[in-house]
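This is what each chain is made of:
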Amino acid sequence: MENAKAKEVKNATVTKRSDGEDWNGAREERCGEANYSKRPCLSEQSKTISFNVLLLRTSHNTTTNRTFTTTKFPESVAALKLAIQEEFQVSVYDQKLSFGSTVMADGESLDFYRLKDGDQITLEYTTTVDVECAFHLMSLLRNALEFVKNEQCQLASGKISPEFSKMISDTLHVKDIDQCIRQLFPSEKLLANSDFILKNGGLDVITSLHSLLLKQTWDNICHLDLQYLEKHVLFLLGSLYIVFPHHLKYKVVNSLDNVIGSFLRVPISSKHIAVPQNLNLPDTTRSQQFIVLVEVLCGAIQSLTQITEDEQHQIQIVSNQNVIKQFTGCLETPTFTPSMHINVLCCLENLSYNAYTHKYLSNVDVIGALMKVAERTSSHPIQLEDMDPELCLKLESDLVMYFGVMVISHLALNKAALLPEQLSSQVEFFLTRFLRSVDCSLLHTWMVKTRGFRWQDTFPTVRLVYSPLCRASLCPIDLLCFEAGVCSLHIILSRDNEIQTLIKQGLLDYLICLPWHISEGLEARKKAKLLLEKVGSHMPLQPPSLNNIVRSKLAATCCGLTKAIRYDCYQLVDYCQKTSTGPYKEQIQMDK
């Protein structure tokens, strides 16, 4: 009697699912198999196992049926996910496996779910990744790291014999690394592949390799493959920063100094680029060295642009006088193309979002360089196949001017930063010229389709359009900066993705309230209304909440958007009443 009872308990334990539901009963009802619990588990069946996999791609809302066969029995759900990753190119971190209505847990064995050959499992995922290519790239980088680590003494000596030079080329496989990067990082695959490499330990390998490469001074290096390798490392760092999770932000500190080191490899000025003089290089190699120098600088700037999106690192970057001097030199030199200038300006725009950086950026050299680079006409436009070359040139020039205008607008509206007086008239002319010539819709198409721009934060631009409104009297530059902010919002809010970002950040109500706070006769009011109509063409607009109406009113009359969002409503009213004077103070008392 006791043995029979023990068998019942054992069978009941085996057939219970993790959520407590009787799995046998659910299985019998679904498949009509009364003796399902008596079937052999997978580990007792044939080594060749097949599953019908229902692929649900959530990002595209598509469904596909596939058959998955493996000759190696996966002991756990985690092992099954690895096999599926290899078969379907879906990262294990992006997989959600279900059997029936039950989500399969990584730590469980397949026997726990009583799967059998031919069962259907459901795989939910967002996108595919190039698994094989990513692992191949990681292998190449690990080999390069091991080689540079073992040979760093000889590399630092600058004595590179022909035999050793051949060994460097044969070991580093720079062309293979370049080919992997080109395959892994087209714009539509950038985020997925970057995330896959990051989660498989790629950051530690890349930063360790970068640290070793920086120990080799370029004055002594005669082998271009090491410089090309540094260029690739910087590109990979910039790509990984895009998907960097918040809990790993501390690792940026370790790599930031290295990125700045690459950026300062060679001093740049308006008249001179100090290309290292390696006497035993032929002329053709010296030309290649200049090209790779520019590419390393560009890679460092792109990485800095990603890092500067995080406020906690902005002061460290901008307080380095050598970095500011290098930024200025990159803008002033006519040797670089508009693409290089745009990369520098993107980084400066990120830095200008933080008011604490303005005292470092508001100087004659930086602002003068911003306006000079916009004035120059480049002979190196990026041409679209179906676009007139002259239009390409104009758009690239407009893009340079756009970023210059945004940096200057953020600086000009911070009265504490005090723009140099001798540049006031030039700044006013510069802003006016841009606003008269810019085509927002065309510029947006150019930025998104040709250059792949994305906006993950709309707050700085919405804050920009609120900044001049709280002034008792508006000077011409204030109005021009406001119009520049509205123009920028026209460009940013031309896609549903950016509008959804605006909504997630809780800023749509402030955009709806914006025209209410502008005097009736001003052209800026019309432009703000046109902006609302544009957003309304993408989605129906709802009346803003009373809370946000009050906050927008206070933001526009005395305190700006940052304080209006940060403070409690009653604290905000008290703050504005204490800091405001004249008619604004009376109006706030009435509102209260």
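About the cut-offs
- Residues numbered from 1 in each chain as written.
- Predicted model: local features only at pLDDT ≥ 70, side-chain atom pairs only at ≥ 80, totals over all residues.
- Heavy atoms only, no water.
- Helix = DSSP H or I, 4+ residues; strand = E, 2+ residues; numbered from the N terminus.
- Buried < 20%, exposed > 50% of the residue type's maximum accessible area, 1.4 Å probe, protein only.
- Contact = heavy atoms within 4.5 Å.
- Areas by Shrake-Rupley, 256 points an atom, 1.4 Å probe, with all protein chains shown as cover.
- Pairing = 2+ DSSP bridges.
- Axes fitted to C-alpha atoms, helices over the stretch in contact; angles between N-to-C directions.
- Arc of directions from axis to C-beta.
- Core = buried A, V, L, I, M, F, W, Y, C linked by side-chain atoms within 4.5 Å.
- Salt bridge = Lys/Arg side-chain N within 4 Å of Asp/Glu carboxyl O.
- Left-handed = near helix turned anticlockwise from the far one by under 90°.
- Parallel < 35°, antiparallel > 145°, perpendicular 65-115°, else oblique.
- Nonpolar A, V, L, I, M, F, W, Y, C, P; charged D, E, K, R; others polar.
- Phe/Tyr/Trp six-rings, centres within 6.5 Å; stacked < 30°, edge-to-face > 60°.
- pLDDT = per-residue confidence, 0-100.

A. Examining the overall build of the chain more closely. Of regular secondary structure, the chain possesses 28 helices and five strands. Out of the 592 residues belonging to the chain, those deemed buried represent 50%. For the chain, long-range pairs separated by at least 24 residues make up 74% of all intrachain contacts whose partners lie at least 6 apart in sequence. Working note: accessible area of the chain is about 28700 Å², and carbon and sulfur atoms make up 51% of it.

B. Layout of the sheet that holds strand E4 (residues 102–103). Reading across the sheet, the five strands line up as E2-E1-E5-E3-E4 and stay open at both edges, with mixed pairing between neighbours. This sheet does not close on itself; its edge strands, each paired only once, are strand E2 (62–70) and E4. By the bridge criterion, six bridges tie strand E1 (residues 49–57) to strand E5 (residues 120–125) in an arrangement that is parallel. Each residue of the ladder has a partner; that of Leu 56, found in E5, is Glu 124. Relative to E2, helix H3 (residues 77–88) is tilted by about 110°, and along the sheet it contacts E1, E2, strand E3 (96–99) and E5.

C. Structural view of the side chain of Ser 488. Secondary-structure assignment places Ser 488 in helix H22 (residues 476–492). Its relative accessible area of 1% is what places Ser 488 among the buried residues. In contact with Ser 488, other than residues within four places in its own chain, are Tyr 402, Met 406 and Thr 461.

D. Here's a closer look at helix H23 (residues 496–504). What H23 keeps buried is the set Glu 498, Ile 499, Thr 501 and Leu 502. The arc that holds the buried residues of H23, viewed along the axis, is 155°, so those residues lie on one side. In H23, the exposed residues that point more than 90 degrees away from the buried face are Asn 497 and Lys 504. Where the residues of H23 are buried, they touch helix H21 (459–466), H22, helix H24 (508–513) and helix H25 (523–536).

E. Quick peek at the nonpolar core. Ranked by internal contacts, the top residues of the largest apolar core, which has 151 residues, are Phe 327, Leu 348 and Tyr 466. For Leu 348, the contacting residues outside a window of four places in its chain are Phe 327, Leu 331, Leu 361, Leu 370 and Val 407. Ranked by size, the runner-up nonpolar core spans 20 residues in total, among them Phe 73, Leu 80, Val 90 and Leu 110.

F. Representation of the pattern of salt bridges within the structure. The tally for this structure, following the rule as stated, stands at seven salt bridges. With a closest N to O distance of 2.8 Å, Asp 178 and Arg 182 form a salt bridge. Taken together, the residues span about one helical turn, with Asp 178 and Arg 182 both in helix H7 (residues 174–184) at a distance of four residues. Across the pair Asp 195 and Lys 199 runs a salt bridge, and its minimum N-O distance is 3.1 Å. Placement of both Asp 195 and Lys 199 in helix H8 (residues 190–199) is noted, with a separation of four residues, approximately one turn of the helix.

G. A look at the environment of Pro 338. Turning to its location among the elements, Pro 338 is positioned in helix H15 (residues 338–352). For Pro 338, a relative accessible area of 5% translates into the label buried. For Pro 338 and Val 373, which are 35 residues apart along the polypeptide, the C-alpha to C-alpha distance reads 8.7 Å.

H. Structural context of the packing of helix H9 (residues 202–214) against helix H10 (residues 224–242). Relative to each other, H9 and H10 sit at 140°, their axes nearing to 10 Å. The way H9 lies across H10 gives a crossing that is left-handed. Mapping the contact onto sequence places Gly 202, Leu 203, Ile 206, Thr 207, Leu 209, His 210, Leu 213 and Leu 214 in H9 and Leu 226, Leu 229, Glu 230, Val 233, Leu 234, Leu 236, Leu 237 and Leu 240 in H10.

I. Quick look at the packing of helix H6 (residues 162–172) against H10. The geometry of H6 relative to H10 is characterised by a closest axis approach of 9 Å and an angle of 30° between their N-to-C directions. Our classification of the angle between H6 and H10 gives roughly parallel. Of H10, the residues touching H6 (which contributes Ile 168, Ser 169 and Leu 172) are Asp 225, Leu 226 and Leu 229. The residue makeup of the contact of H6 with H10, split by class, is four nonpolar, one polar and one charged.

J. Spatial organisation of the pairing of E1. Where E1 lies against E2, nine bridges are found, and the strand directions are antiparallel. Opposite Ser 50, over in E2, you have Thr 69 as the bridge partner. The turn joining E1 and E2, which pair antiparallel and follow one another in sequence, is formed by four residues; a positive phi near 55° is taken by Asn 61.

K. Focus on the packing of aromatic side chains. The full count for this structure, using the stated rule, is nine aromatic pairs. Between Tyr 402 and Phe 434, the aromatic rings sit 6.3 Å apart at their centres with planes inclined by 45°, giving tilted as the arrangement. You can see Tyr 402 sitting in helix H18 (residues 389–412) and its partner Phe 434 sitting in helix H19 (residues 424–437), a full 32 residues away along the chain. Judged by its relative accessible area of 1%, Tyr 402 is buried. Chaining the aromatic ring pairs together yields one cluster made of Tyr 402, Phe 403 and Phe 434.

L. Broad picture of the environment of Val 486. Position of Val 486 relative to the elements: it lies in helix H22. Residue Val 486 is classed as buried on the basis of its relative accessible area, which comes to 1%. Distance in space between the C-alpha atoms of Val 486 and Leu 530 is 9.6 Å, their sequence separation being 44 residues. Here Val 486 is in contact with Val 465, Lys 527, Ala 528 and Leu 531, once residues within four sequence places are set aside.

M. Representation of the confidence of the model for the chain within the structure. Taken over all residues, the pLDDT of the chain has a mean of 78, while the share at 70 or more is 78%. In the model, residues 1–39 has pLDDT below 50 throughout and makes 41 contacts with residues more than four positions away in sequence or in other chains. For residues 581–592, every residue scores under 50 in pLDDT, and the model assigns this stretch 19 contacts once sequence neighbours within four places are set aside.

N. Layout of the side chain of His 410. Position of His 410 relative to the elements: it lies in helix H18. Once you skip the residues sitting within four places of it in the chain, His 410 turns out to touch Ser 352, Tyr 353, His 358, Pro 460 and Leu 464.

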